[in-house]
Amino acid sequence: MKLDFQVRYFLEHKALPQALWNNRAQLLLSLLRERQNAMLEFYGRAEEVNPEYQCPYTAEQFGVSLREYVSDEGSVLIVRVAMPEPEAPLLCHMVYICFAGNDCDDAYFTSELEQSGKHLLCAWSKEGVHMSFGEVPEDDFAKVVELFWEMKRDGRYAKYKRVHD
């Protein structure tokens, strides 16, 4: 497997979710202050630990946008990170990091390229469970927040079948 693929997959599917659950305040501040450069910092760390790796991306290839949703159930800030165009299946077109107020009931969603060229909306749980919710709809923010509230209501991922780790 190509090193570029391995590093990117690790960052999108492991490092970012771990940063959310292990150091959410620092991740949020970094994304809000640094925007696209926050992602380059993750790739810079990958370069530090693996001298054979050279990040092929520039800050301009990333985008950060956010929306806050408030309901009777609480509030959630969704930070959507646009990633460089995925070069291979399983890599992400977008990641959605859901910061759920002070209750730390956060969530991590991905828009992953599949073999057919379509993008699937998926999520990773804190426990490392990967879930797939089908094709990403046009209004991706609305679908992510809908799934977030549903998962929170249902006891956080309890009703969702484990797809794969």
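Scroll up a little and you will see the structure.
Fair warning: this is a prediction, and the values are worked out from it, not measured in the lab. (Residues numbered from 1 in each chain as written. Predicted model: local features only at pLDDT ≥ 70, side-chain atom pairs only at ≥ 80, totals over all residues. Heavy atoms only, no water.)

K.L.:
Explain the overall build of the protein to me, please; I cannot follow it from the model alone.
P.N.:
A count of helices and strands for the protein gives four helices and six strands. Going residue by residue from the N terminus, the α and β elements of the protein occur as α-α-α-β-β-β-β-β-β-α. Radius of gyration (C-alpha) of the protein: 15 Å, near the 15 Å computed for a compact globule of 165 residues. Each of the three principal axes of the protein carries a C-alpha extent, and together these read 50 × 35 × 30 Å. A buried classification covers 46% of the 165 residues belonging to the protein. A fraction of 49% describes how many contacts in the protein between residues 6 or more apart in sequence connect residues 24 or more apart. Side chains of the protein carry 18 positive and 27 negative charges; the gap between the two charge centres is 4 Å. (Helix = DSSP H or I, 4+ residues; strand = E, 2+ residues; numbered from the N terminus. Rg over C-alpha atoms; globule rule 2.2 N^0.38 Å. Buried < 20%, exposed > 50% of the residue type's maximum accessible area, 1.4 Å probe, protein only. Contact = heavy atoms within 4.5 Å. Lys, Arg positive; Asp, Glu negative; His and termini not counted. Charge placed at Lys NZ, Arg CZ, Asp CG, Glu CD.)

K.L.:
For this particular structure, what's the right way to read the nonpolar core?
P.N.:
A general tendency of soluble globular proteins is for nonpolar side chains to be buried together. Counting residues in each nonpolar core, the largest one holds 29 residues, and the members touching the most others are Leu-27, Tyr-43, Val-81, Met-83 and Tyr-108. In terms of residues, this core owes the most to one element, helix α1 (residues 3-22), which gives seven residues. Leaving out residues up to four positions away in the same chain, Met-83 has contacts with Arg-8, Glu-12, Met-39, Tyr-43, Gln-61, Phe-62, Cys-92, His-93, Met-94 and Val-95. Residues Val-76, Tyr-96, Leu-121 and Ala-123 belong to the second largest nonpolar core, which totals 22 residues. (Core = buried A, V, L, I, M, F, W, Y, C linked by side-chain atoms within 4.5 Å.)

K.L.:
Teacher, can you tell me more about the packing of helix α2 (residues 24-34) against helix α3 (residues 36-49) here?
P.N.:
The relative placement of two packed helices comes down to the angle between their axes together with the axis-to-axis distance. Following both chains from N to C, one finds α2 and α3 inclined at 125°, their axes separated by 5 Å at the closest point. When the interaxial angle is binned, α2 and α3 end up oblique. Contacts between α2 and α3 involve Leu-27, Ser-30, Leu-31 and Glu-34 from the former and Gln-36, Asn-37, Ala-38, Glu-41 and Phe-42 from the latter. Partitioning the contact of α2 with α3 into residue classes produces four nonpolar, three polar and two charged. (Axes fitted to C-alpha atoms, helices over the stretch in contact; angles between N-to-C directions. Parallel < 35°, antiparallel > 145°, perpendicular 65-115°, else oblique. Nonpolar A, V, L, I, M, F, W, Y, C, P; charged D, E, K, R; others polar.)

K.L.:
Sorry, what's going on with the pattern of salt bridges here?
P.N.:
Where charged atoms of side chains with opposite charge meet at close range, the side chains can pair. What the rule picks out here adds up to six salt bridges. Where Asp-106 meets Arg-24, a salt bridge forms, and the shortest distance between an N and an O atom there is 2.6 Å. Residue Asp-106 is found in the loop between β3 (92-99) and β4 (107-113), and its partner Arg-24 is found in helix α2; the two are separated by 82 residues along the sequence. Salt-bridge contacts for Asp-140 lead to Arg-80; the nearest nitrogen and oxygen are separated by 2.9 Å. You can see Asp-140 sitting in helix α4 (residues 140-153) and its partner Arg-80 sitting in strand β2 (residues 74-82), a full 60 residues away along the chain. Residue classification places Asp-140 among the buried positions, given a relative accessible area of 10%. Here the salt bridges do not stand alone but share partners, grouping Arg-8, Glu-12 and Glu-87 into one network. (Salt bridge = Lys/Arg side-chain N within 4 Å of Asp/Glu carboxyl O.)

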